Amino acid sequence: MNIAITFRHMVGTDAVKQYAHDKVAKLQRFLRQAMTAQVTLSVEGLDHIADVRISSGSQQFHATVRSQDMYASIDKVIDKLDRQIEADKTASMAKKRGGTSAAEFAAEASEAAEGRARD
């Protein structure tokens, strides 16, 4: 697990850095492969922006949140990523469950072969 945290237009404190690191690290338990995360925390005017990009194998996730508080931005971006990861996991499970099993596929293939042999 590799998490890089970048601060833009603000002074990065250890407390914010540790908070962001801990929150992003918790997402690893939902992913099958080791993740690489790029966290960018910035301030524009009165808005605190948290931008997180996660890659885990071939999966890519990205979320950005603006709010008045940096900790709230981090929490909201983690919630967004959690929903994205859960949706991806649910979709892949639905694909697996909706497909034909090896036995069904073999039965269909043998029926098709018998049908061609009769013709």
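Note: the structure precedes this text.
Residues numbered from 1 in each chain as written. Predicted model: local features only at pLDDT ≥ 70, side-chain atom pairs only at ≥ 80, totals over all residues. Heavy atoms only, no water.

1. Some thoughts on the overall build of the chain
Part 1 of the argument: In terms of regular secondary structure, the chain is built from three helices and four strands.
Part 2 of the argument: Seen in sequence order, the chain has helices and strands lined up from the N terminus as β-α-β-β-β-α-α.
Part 3 of the argument: For the chain, the proportion of its 119 residues judged to be buried stands at 27%.
Part 4 of the argument: Residue pairs in contact within the chain that sit at least 24 positions apart in sequence constitute 44% of those at least 6 positions apart. (Helix = DSSP H or I, 4+ residues; strand = E, 2+ residues; numbered from the N terminus. Buried < 20%, exposed > 50% of the residue type's maximum accessible area, 1.4 Å probe, protein only. Contact = heavy atoms within 4.5 Å.)

2. A look at the environment of glutamine 28
Part 1 of the argument: Following the sequence through the fold, glutamine 28 ends up in the loop between α1 (14–25) and β2 (36–44).
Part 2 of the argument: Considered as a pair, glutamine 28 and isoleucine 54 are 26 residues apart in the sequence and their alpha carbons are 9.9 Å apart.
Part 3 of the argument: In this view, glutamine 28 contacts Met1, Gln33, Ala34 and Met35; residues no more than four positions away in its chain are not counted.
Part 4 of the argument: A distance of 3.0 Å separates a polar side-chain atom of glutamine 28 from the backbone oxygen of glutamine 33. (Polar contact = N/O pair within 3.5 Å; in protein donor to acceptor, adjacent residues only side chain to side chain.)

3. Considering the nonpolar core
Part 1 of the argument: In this structure, Leu41, Ile54 and Ile74 are the most contacted members of the largest nonpolar core, which totals 23 residues.
Part 2 of the argument: Broken down by secondary-structure element, the contributors of at least two residues to this core are β1 (2–8), α1, β2, β3 (47–56), β4 (59–67) and α2 (70–98).
Part 3 of the argument: When residues in this core are grouped by element, the largest group, six residues, is from α2.
Part 4 of the argument: Ignoring sequence-local partners within four residues, the contact set of leucine 41 consists of Ile5, Thr6, Phe7, Arg8, Met10, Val16, Ala20, Ile49, Ala50, Met70 and Ile74. (Core = buried A, V, L, I, M, F, W, Y, C linked by side-chain atoms within 4.5 Å.)

4. Things to note about the pairing of β2
Along any regular strand the residues' side chains alternate between the sheet's two faces.
Part 1 of the argument: Looking at chain direction, β1 and β2 are connected through seven bridges and run parallel. Residue threonine 6 lies in a different strand from β2, and its bridge partner there is threonine 40.
Part 2 of the argument: As for the winding sense of the linkage, the β-α-β connection from β1 through α1 to β2 is left-handed.
Part 3 of the argument: Counted along the chain from β2 to the antiparallel partner β3, the turn is two residues long, and its residue glycine 45 has a positive phi close to 65°. (Pairing = 2+ DSSP bridges. Right-handed = clockwise from strand over helix to strand, strands pointing away.)

5. Comments concerning the sheet that holds β4
For sheets, the rule is that strands pair by backbone hydrogen bonds, running either parallel or antiparallel.
Part 1 of the argument: Strand order in the open sheet formed by four strands is β1-β2-β3-β4, with mixed pairing between adjacent strands. Bordering the open sheet on either side are β1 and β4, each of which pairs with just one other strand. Averaged over neighbouring strand pairs, the angle between their axes works out to 10° when direction is ignored.
Part 2 of the argument: The sheet strands contacting α1 are β1 and β2, and the helix crosses β1 at an angle near 140°. (Axes fitted to C-alpha atoms, helices over the stretch in contact; angles between N-to-C directions.)

6. Brief notes about α1
Part 1 of the argument: Taking 1.5 Å of rise per residue, twelve residues should cover 16 Å, and α1 covers 16 Å from first to last C-alpha, within 8% of that figure.
Part 2 of the argument: Looking only at α1, the buried set comprises Val16, Ala20 and Val24. When α1 is viewed along its axis, its buried side chains cluster within an angular range of 60° and face the same direction. (Expected span 1.5 Å × (residues − 1). Arc of directions from axis to C-beta.)

7. Some words on the pattern of salt bridges
Part 1 of the argument: Considering all chains together, one arrives at three salt bridges under this definition.
Part 2 of the argument: We note a salt bridge from aspartate 75 to lysine 23, for which the minimum N-O separation is 3.6 Å. You can see aspartate 75 sitting in helix α2 and its partner lysine 23 sitting in helix α1, a full 52 residues away along the chain.
Part 3 of the argument: Across the pair glutamate 44 and arginine 66 runs a salt bridge, and its minimum N-O distance is 3.0 Å. Linking glutamate 44 in strand β2 with arginine 66 in strand β4, this pair joins segments that are 22 residues apart in sequence.
Part 4 of the argument: One network of salt bridges, in which partners are shared, links Glu44, Asp47 and Arg66. (Salt bridge = Lys/Arg side-chain N within 4 Å of Asp/Glu carboxyl O.)

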